[in-house]
Amino acid sequence: MLIYRGLSRISRISKKTSFGRRWLPSHPLLSGASHSAAAAAADSSVKDSGNISLSKTREAYSWSLPALHGIRHQIHHQSSSVIEEQLDPFSLVADELSILAKRLRSMVVAEVPKLASAAEYFFKMGVEGKRFRPTVLLLMATALNVRVPEPLHDGVEDALATELRTRQQCIAEITEMIHVASLLHDDVLDDADTRRGIGSLNFVMGNKLAVLAGDFLLSRACVALASLKNTEVVTLLATVVEHLVTGETMQMTTSSDQRCSMDYYMQKTYYKTASLISNSCKAIALLAGQTAEVAILAFDYGKNLGLAYQLIDDVLDFTGTSASLGKGSLSDIRHGIITAPILFAMEEFPQLRTVVEQGFEDSSNVDIALEYLGKSRGIQKTRELAVKHANLAAAAIDSLPENNDEDVTKSRRALLDLTHRVITRNK
Amino acid sequence: MLIYRGLSRISRISKKTPFGRRWLPSHPLLSGASHSAAAAAADSSVKVLGCREAYSWSLPALHGIRHQIHHQSSSVIEEQLDPFSLVADELSILAKRLRSMVVAEVPKLASAAEYFFKMGVEGKRFRPTVLLLMATALNVRVPEPLHDGVEDALATELRTRQQCIAEITEMIHVASLLHDDVLDDADTRRGIGSLNFVMGNKLAVLAGDFLLSRACVALASLKNTEVVTLLATVVEHLVTGETMQMTTSSDQRCSMDYYMQKTYYKTASLISNSCKAIALLAGQTAEVAILAFDYGKNLGLAYQLIDDVLDFTGTSASLGKGSLSDIRHGIITAPILFAMEEFPQLRTVVEQGFEDSSNVDIALEYLGKSRGIQKTRELAVKHANLAAAAIDSLPENNDEDVTKSRRALLDLTHRVITRNK
């Protein structure tokens, strides 16, 4: 009942990186680095110890970024599978995630049994996917772990640490609730679109349930937020809801100029995709009692990761699982949503703009646009931009205050690994 | 675009008591009090303390008497007691703030925003009125002020925070209406998927979400976590109430308890919890906060019960002249529930549903034969009196503004009962 577009979006999010599948797509940008650079990076990055050369890695990142991004990935691929296993970000937090999932599930079912159909939608997302956002947040929580100095005795320290962890898990739950609520509300439009003119009971109930279920989740998020008793965090996450609405409105109500503007597109993408993750990362940092600077680094990580994610998402909508055009679902363009690859192509081929303005209800326009896209460097430029943001995210992690704790280091490496995965995923 | 039912609900709320129009509907319960009671009440009801005694016996009749007495007293006193004029200036400041906030940030949500404005411009702004009056009624005098400047600054800051509660309440209220309209929209335009319809639905949902997020940000700015929790709970109650209404089993639909619980969630929770929030911001004790809560809750319940009656009677005292929109939407309200207690066969009709309009006629027939309307009014009066009792139980305060506000709050408990539209 609840919707094609939403589900396809969900499945695109959830299938982003299957466990253990790590490989290097044959993309010009991500290969072809010089040997010397490879050698230099090889020396510095294989030493996988805590006091590594966090600074060396930073330098390594600062030149020939896209190429080195690929090199670093190649090296990981060649290193021992034991290290790989340890670095899988999702397995690091898998246990916690299932606790969170159970909590959310019982809450929805017990309280509002009649919203079961919408709840199922919510569950499917939880069961099928890798729970990308909560994973990032839980990893960030560990990565920012502030050691309690001179603990009185283990009991006290544990209690404090546990309470902090619970609060941070709460942020992850709240984020998930806000995310699903926004998807459910977005589905209200899609329902009407796809079933234009057909007023079946399912259609009516679907809309009602979508709105109510979304409201229910939002209200739960509000109550949970209130329970954290931290007004800055409440403000951050309330702002996220506002951004989600603004982003969706921007997408719905664009003028012709706005639709063809890269700035407008990036702003909208920030609102719709990156704001949730960036602000919740920042909230994690604030709950951990970190400084304002660290909070900003956490924010920057989330923001750039989110942007990189969405840009690759845009590419995959055209390319699908192959590197060539037209094999993707093409759902964005069919819905008249102009994404980064087309925007870049329009810079090279202004005549493409005319096609865009005609709209894409006529599928022959889709073919024409794909033709221009293929001739242009639109896909490549989008990938480059994604890599740039992924590297900015990685740089933010590298700039975090040094911490030799094993869990902290593992989590930070996992966060770095995620910046690779968002770039290299193929579905 | 945005919707009949919602707008009619709005207009019912907003037109509840036009300025200065005070009259006694010719209802058996509200007239026919004895002369001696009238004389006794006349002396005592002018004093606030006297009201409590006056309220404690023969409640419905005295309710009418008190109202009659006000009607006969000088128009100067009447003018002073008009609750809405007491806070009119503040309300327009609030309205301006809300308006500028919605327009500046999201210009494309203008159509949904208009809906919001219309409500603010046309109506009497019932909820914010109650809250601002409550804020004054609970005014805690700052003891031994250092100098006027300090006292003023503190008082101003408190007032601003309380105004904020009123704004937040309005945002939450309108957000819930916008979302409810989506549900009704689907109902009333079944099968017709015009672009306006689509934009209307989506915009309504987005606009509601936007207002809700604004409310949350504003709440956070108050830096009072108890208040945040109170109003977050309200949002949850609104959703629960709407869900209860949508997804009832047959037994639940015919249960008065279930109906009152749903009515609390959908209508009274917002006002009761925001009254309580006002009290908490004012630094009042827990007991006073509970009194404020009780006032809001009972006022809200009384309001909704009369609303139910008016849906059947409209502007006349007789049945069938109202819009009948509740029953046509299959929503079973208090009058029908009472009638079902007297005529169990009515339940069969209810269970068949009301898509067939002949069932509506049958139900109206039973309703007319029963005491459903009367019993609902009685219940409304009972709640209105509980609300008044809460105000009378507030700690004594001789400040003129405080007294005026409390009298205005009492006056509101009359108006919700006696309104005819």
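- An unreviewed UniProt entry annotates chain A as Solanesyl diphosphate synthase 3 originating from Citrus sinensis.

1. Here's the deal with the overall build of chain A
Part 1: Tallying secondary structure elements over chain A gives 21 helices and zero strands in all.
Part 2: Burial statistics for chain A: of 427 residues in total, 60% are counted as buried.
Part 3: Partitioning the contacts of chain A with sequence separation of at least 6, the portion at a separation of at least 24 is 80%.
Part 4: Looking at chain A as shown, the accessible area adds up to about 17300 Å², and 54% of this sits on carbon and sulfur atoms.

2. Concerning the overall build of chain B
Part 1: Helix and strand counts for chain B stand at 21 helices and zero strands.
Part 2: The proportion of buried residues among the 421 residues of chain B is 59%.
Part 3: For chain B, the exposed area adds up to about 17000 Å²; of that, 55% sits on carbon and sulfur atoms.

3. Some details on the packing of helix 17 (residues 334–342) of chain B against helix 18 (residues 345–352) of chain B
All names here are of chain B.
Part 1: Between helix 17 and helix 18, the shortest axis-to-axis distance is 7 Å and the interhelical angle comes to 135°. By the angle between their directions, the pair helix 17 and helix 18 is classed as oblique. For the pair formed by helix 17 and helix 18, the contact residues are I336, A339 and M340 on the first element and L346, R347 and V350 on the second.
Part 2: Broken down by class, the residue content of the contact of helix 17 with helix 18 amounts to five nonpolar, no polar and one charged.

4. A word on helix 18 (residues 351–358) of chain A
Residues and elements named next belong to chain A.
Part 1: Listed in full, the buried residues belonging to helix 18 are L352, V355 and V356. Along the axis of helix 18, the buried positions cluster into a sector of 100°, meaning they face one direction only.
Part 2: Considering only its buried residues, helix 18 is in contact with helix 13 (256–259), helix 17 (340–348) and helix 19 (363–375).
Part 3: One or two steps after helix 18, the chain reaches G359, where phi turns positive at roughly 95°.

5. So, the packing of aromatic side chains
Part 1: What the rule picks out here adds up to six aromatic pairs over all chains.
Part 2: Ring centres of F126 of chain B and Y303 of chain B lie 5.5 Å apart, and the angle between their planes is 25°; on these two criteria the pair is classed as stacked. With F126 of chain B in helix 9 (residues 126–137) and Y303 of chain B in helix 15 (residues 286–313), this residue pair connects regions lying 177 residues apart in the sequence.
Part 3: Take F126 of chain B: its relative accessible area is 6%, and that puts it in the buried class.
Part 4: Centroid distance Y264 of chain B to Y265 of chain B: 6.0 Å. Interplanar angle 50°. Geometry classified as tilted. In this pair, the class of Y264 of chain B matches that of Y265 of chain B, namely buried.
Part 5: Stacked on the ring of F299 of chain A, the Lys or Arg K282 of chain A has its end atom at 5.9 Å from the ring centre.

6. Here we look at the pattern of salt bridges
Part 1: Scanning the entire structure with this criterion turns up 23 salt bridges over all chains.
Part 2: Measuring nitrogen to oxygen at the nearest pair gives 3.1 Å for the salt bridge that ties E384 of chain A to R377 of chain A.
Part 3: Ionic pairing is found between R419 of chain B and D307 of chain B, a salt bridge with its closest N-O pair at 3.2 Å. One end of the pair, R419 of chain B, is in the segment after helix 21 (400–418); the other, D307 of chain B, is in helix 15, with 112 residues separating them in the sequence. The residues R419 of chain B and D307 of chain B share a single accessibility class, namely buried.
Part 4: Overlapping salt bridges, with partners in common, bring together D88, D417 and R421 of chain A in one network.

7. Details of unusual backbone geometry
Part 1: Positive phi is not limited to glycine here, since K229 of chain A has a value of about 50°.
Part 2: Tracing the chain through its elements places K229 of chain A in the loop between helix 11 (201–227) and helix 12 (231–252).
Part 3: The class for K229 of chain A is exposed, based on a relative accessible area of 55%.
Part 4: Phi angles above zero are rare outside glycine, and L324 of chain B is one such case at about 55°.
Part 5: With respect to the helices and strands, the residue L324 of chain B is situated in the loop between helix 15 and helix 16 (325–328).

8. Structural notes on the environment of V422 of chain A
Part 1: Mapping V422 of chain A onto the fold places it in helix 21 (residues 406–424).
Part 2: Note: C-alpha distance between V422 of chain A and I312 of chain A (110 residues apart in sequence) is 7.3 Å.

9. Quick look at the side chain of H383 of chain B
All names here are of chain B.
Part 1: Examined against the element boundaries, H383 turns out to sit in helix 20 (residues 372–392).
Part 2: Given a relative accessible area of 9%, H383 falls into the buried group.
Part 3: Non-local contacts of H383, meaning those with residues more than four positions away in its chain, are made with M260, N298, L301, A302 and L305.

10. So, the confidence of the model for chain A
Residue and element names in this part refer to chain A.
Part 1: The predicted model of chain A averages 75 in pLDDT, with 67% of residues at 70 or higher.
Part 2: Looking at the elements of chain A, mean pLDDT is at its lowest for helix 1 (residues 4–14), recorded as 37, and at its highest for helix 20 (residues 378–398), recorded as 97.
Part 3: Across residues 1–85 the pLDDT falls below 50, and counting only partners more than four positions away or on other chains, this stretch makes 136 contacts in the model.
Part 4: Counted against residues more than four places away or in other chains, residues 190–202, with its pLDDT under 50, gives 21 contacts.

11. Considerations on the packing of helix 14 (residues 256–281) of chain B against helix 15 of chain B
All names here are of chain B.
Part 1: For the pair helix 14 and helix 15, the least separation of the axes is 7 Å and the interaxial angle reads 145°. Every pair of crossing elements has a handedness; the one defined by helix 14 and helix 15 is right-handed.
Part 2: Here the contact of helix 14 with helix 15 is built from residues that sort into 13 nonpolar, seven polar and three charged.

How each quantity is defined
Residues numbered from 1 in each chain as written. Chains lettered and ligands numbered in written order. Predicted model: local features only at pLDDT ≥ 70, side-chain atom pairs only at ≥ 80, totals over all residues. Heavy atoms only, no water. Helix = DSSP H or I, 4+ residues; strand = E, 2+ residues; numbered from the N terminus. Buried < 20%, exposed > 50% of the residue type's maximum accessible area, 1.4 Å probe, protein only. Contact = heavy atoms within 4.5 Å. Areas by Shrake-Rupley, 256 points an atom, 1.4 Å probe, with all protein chains shown as cover. Axes fitted to C-alpha atoms, helices over the stretch in contact; angles between N-to-C directions. Parallel < 35°, antiparallel > 145°, perpendicular 65-115°, else oblique. Nonpolar A, V, L, I, M, F, W, Y, C, P; charged D, E, K, R; others polar. Arc of directions from axis to C-beta. Phe/Tyr/Trp six-rings, centres within 6.5 Å; stacked < 30°, edge-to-face > 60°. Lys NZ or Arg CZ within 6 Å of the ring centre and 35° of its normal. Salt bridge = Lys/Arg side-chain N within 4 Å of Asp/Glu carboxyl O. pLDDT = per-residue confidence, 0-100. Left-handed = near helix turned anticlockwise from the far one by under 90°.

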